Amino acid sequence: MIGDLGPRSSSALLIHSALIQAVTFLVRPATTYRALELDVPGFALGLLAASYAVFPLLLALPIGGLVDRLGERRLMAIGSAVVLGCSAFLLLWGTSVPALVAGTALLGAGQLACVVGQQAVVANNAASSRLDSAFGYLTFAASLGQALGPLAISLVGGASVRPDTQAIFLLATAMSLVLFLTTFVVSGRVSSRTSRAKSAGDPKGGTIGLLRTPGVIRAMATSATVLAVVDLTVVYLPALGAERGLTAATVGLMLTVRAVFSMVSRIGLGSISRRLGRMKLLVLSLAVSTIALAVAAIPMPVWLLFIVMAFLGLGLGIGQPLTMSWLSAQAPEGQRGRALALRLAGNRVGQVVLPSAIGVVAVGLGAAGVFLASAVAVGGTMLLLRGVRLDD
């Protein structure tokens, strides 16, 4: 159970978290397959990928302000409605590159609203001592959804090289409808704390004041680094495997192992955090990630690389929920939605800047160099945590 939501609302929130990720990881590959059906040039695929990130980057702060003013459930409903509209639009009219770009951009905006709303529900309704546990369960559900989306494509597509995208968009529309309806199972009481904080006023004064709150920038930088390294692992592990003669099936299984152990790390996060302390656990997770990334760059037997990927999954899996709870604890009441949206905007920037910088630094060193540079980046975040004290 999350905070004082009760079993029904807690279950609905976790289902909502899993569904929005499942729909996202279903629709995004489907738009790529649809673009391939249309024989679009290579640059159009890049435009399609960028369109998903642009809206969240531009809308993160306004949406963060909206959740603090309108309430979490209302924002989740709006985001779900946008995702439902996007899925239906792609089903009926997604037959051109402009339509695919527009649909993908809408998906990014709707997903952002849903995620900010979900995280604000946890931040505003869980006690400080239970934040790590609550965010652990929320991110576990999100990870589950990210696994179910691609699985749905496999079930619909079968053995074909290019699956039936119309069937995928139909499935996404049905799932989006369930997503929208699930919003209303969450109790309307989730917004009560936000409303009280709103009526009390905003003493800190907007985004600048929020950024000046002790620990906020450090939490954002840590979160952005961890998420960017997850992306780098997904992109460069296949390259590392190719350099070492590993099959695509082996590399895919390694990525699955990393993802599964990330999910495992989030199940008992609350109890481990209470035992060790939030800051000690965060530093430990970053240290484990740093060592695993550095060791992965060393040639080794395949079975040992699987073990390294398991430890990498454990380390990186802990970073995201802990930075959410850290930021929620540091942000003033009434500004937690804005703080979490600011974190998501920082994540988007990190996903662009860090891979680009590491790619330049590691040029000529191959995929192993990328893993070494990633280890340096994650290890560097531990320096940001020096002198930080958190209420555990």
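Residues numbered from 1 in each chain as written. Predicted model: local features only at pLDDT ≥ 70, side-chain atom pairs only at ≥ 80, totals over all residues. Heavy atoms only, no water.

### Structural notes on the overall build of the protein chain
So, point 1. In terms of helices and strands, the protein chain carries 15 helices and 0 strands.
So, point 2. Taken against the 2.2 N^0.38 rule, which gives 21 Å for 392 residues, the C-alpha radius of gyration of the protein chain at 20 Å falls within 12% of a compact globule.
So, point 3. With the C-alpha coordinates of the protein chain rotated into their principal frame, the extents come out at 60 × 50 × 35 Å.
So, point 4. Each of the 392 residues in the protein chain was classed as buried or not, and the buried ones make up 54%.
So, point 5. Accessible surface, the protein chain: about 16,200 Å² in total, of which carbon and sulfur atoms supply 70%.
So, point 6. Across the protein chain, the 28 positively charged side chains and the 13 negatively charged ones have centroids separated by 6 Å. (Helix = DSSP H or I, 4+ residues; strand = E, 2+ residues; numbered from the N terminus. Rg over C-alpha atoms; globule rule 2.2 N^0.38 Å. Buried < 20%, exposed > 50% of the residue type's maximum accessible area, 1.4 Å probe, protein only. Areas by Shrake-Rupley, 256 points an atom, 1.4 Å probe, with all protein chains shown as cover. Lys, Arg positive; Asp, Glu negative; His and termini not counted. Charge placed at Lys NZ, Arg CZ, Asp CG, Glu CD.)

### What to know about the pattern of salt bridges
So, point 1. Considering all chains together, one arrives at 2 salt bridges under this definition.
So, point 2. Residues Arg34 and Glu37 are paired through a salt bridge, measuring 3.3 Å at the closest nitrogen-oxygen approach. Remark: Glu37 and Arg34 occur in helix α1 (residues 7-37); sequence separation between them is 3 residues, near one turn of the helix.
So, point 3. The buried category is assigned to Arg34, whose relative accessible area is 5%.
So, point 4. Of the residues examined, Glu37 reaches a relative accessible area of 37% and is grouped as partly exposed.
So, point 5. For Arg278, the salt bridge identified is with Asp132, shortest N-O distance 2.9 Å. (Salt bridge = Lys/Arg side-chain N within 4 Å of Asp/Glu carboxyl O.)

### Some details on the packing of helix α3 (residues 72-93) against helix α6 (residues 165-183)
So, point 1. The N-to-C vectors of α3 and α6 enclose an angle of 165°; their axes lie 8 Å apart at closest approach. If you check the angle between α3 and α6, you find them roughly antiparallel. Note that α3 runs across α6; the crossing there is left-handed. When α3 is examined against α6, the residues Arg73, Met76, Ala77, Ser80, Ala81, Val83, Leu84, Ser87, Ala88, Leu90 and Leu91 are found in contact with a partner set consisting of Gln166, Phe169, Leu170, Ala172, Thr173, Ser176, Leu177, Leu179, Phe180 and Thr183. (Axes fitted to C-alpha atoms, helices over the stretch in contact; angles between N-to-C directions. Parallel < 35°, antiparallel > 145°, perpendicular 65-115°, else oblique. Left-handed = near helix turned anticlockwise from the far one by under 90°. Contact = heavy atoms within 4.5 Å.)

### Describing the environment of Thr225
So, point 1. Relative to the helices and strands, Thr225 is located in helix α9 (residues 216-243).
So, point 2. The buried category is assigned to Thr225, whose relative accessible area is 13%.
So, point 3. When residues no more than four places from it in sequence are discounted, the contact partners of Thr225 are Leu354, Ala377, Val378 and Thr381.

### A short note on the nonpolar core
So, point 1. Within the largest apolar cluster, 51 residues are counted, with the highest numbers of intra-cluster contacts made by Leu237, Leu305, Met309 and Phe371.
So, point 2. Contributing elements (two or more residues each) for this core: α9, α10 (248-267), α12 (278-296), α13 (302-330), α14 (336-361) and α15 (366-384).
So, point 3. Here this core gets 11 residues from one element, more than from any other, and that element is α13.
So, point 4. Sequence-distant contacts of Leu237, that is, excluding residues within four places in its chain, are made with Leu232, Val251, Met254, Leu255, Met309 and Phe371.
So, point 5. Ala35, Cys114, Ala152 and Ala172 belong to the second-largest nonpolar core, a separate cluster that totals 27 residues. (Core = buried A, V, L, I, M, F, W, Y, C linked by side-chain atoms within 4.5 Å.)

### Focus on the packing of aromatic side chains
So, point 1. Scanning the model with the defined rule gives 2 aromatic pairs in all.
So, point 2. Here the aromatic rings of Phe89 and Trp93 are separated by 6.0 Å at their centres, their planes lie at 45°, and the arrangement is tilted. Taken as a pair, Phe89 and Trp93 lie in helix α3 at a separation of 4 residues, close to a single helical turn.
So, point 3. With a centroid separation of 5.2 Å and 80° between ring planes, the pair formed by Phe180 and Phe184 is classed as edge-to-face.
So, point 4. Look at Phe184 and you get partly exposed, because its relative accessible area is 43%.
So, point 5. For Arg28, the ring lying beneath its charged end belongs to Tyr52, and the centroid distance is 3.9 Å. (Phe/Tyr/Trp six-rings, centres within 6.5 Å; stacked < 30°, edge-to-face > 60°. Lys NZ or Arg CZ within 6 Å of the ring centre and 35° of its normal.)

### Here we look at the packing of helix α5 (residues 131-157) against α6
So, point 1. Between α5 and α6, the least distance of the axes is 10 Å, while the angle of their chain directions is 135°. One finds that α5 runs oblique with respect to α6. Judged by the twist between their axes, the crossing of α5 over α6 is right-handed. Judged by residue contacts, Ala152, Ile153 and Val156 of α5 engage Ala167, Ile168 and Leu171 from α6.
So, point 2. When grouped by side-chain class, the residues that make up the contact of α5 with α6 number 6 nonpolar, no polar and no charged. (Nonpolar A, V, L, I, M, F, W, Y, C, P; charged D, E, K, R; others polar.)

### Remarks on the side chain of Thr381
So, point 1. Within the secondary structure layout, Thr381 lies in helix α15.
So, point 2. Classification of Thr381 as buried rests on a relative accessible area of 4%.
So, point 3. Among the polar contacts listed, one links the side chain of Thr381 to the backbone oxygen of Val378, at a separation of 2.4 Å.
So, point 4. Excluding anything up to four places from it in sequence, Thr381 contacts Thr222, Thr225 and Leu286. (Polar contact = N/O pair within 3.5 Å; in protein donor to acceptor, adjacent residues only side chain to side chain.)

### Side note on the environment of Leu58
So, point 1. Its location among the elements puts Leu58 in helix α2 (residues 42-70).
So, point 2. Look at Leu58 and you get exposed, because its relative accessible area is 60%.
So, point 3. Separated by 46 residues in sequence, Leu58 and Ala12 have C-alpha atoms that sit 29 Å apart.

### Notes on α15
So, point 1. Helix length check: α15 (19 residues) gives 28 Å between terminal C-alpha atoms against 27 Å at 1.5 Å per residue, within 8%.
So, point 2. Among the residues of α15, those classed as buried are Ala367, Ala368, Gly369, Val370, Phe371, Ala373, Ser374, Ala375, Ala377, Val378, Gly379 and Thr381. (Expected span 1.5 Å × (residues − 1).)

### Examining the environment of Phe261
So, point 1. Its place among the elements puts Phe261 in helix α10.
So, point 2. Among the residues examined, Phe261 registers a relative accessible area of 32% and is labelled partly exposed.
So, point 3. Through-space distance from the C-alpha of Phe261 to that of Leu26 is 22 Å; in sequence the pair is 235 residues apart.

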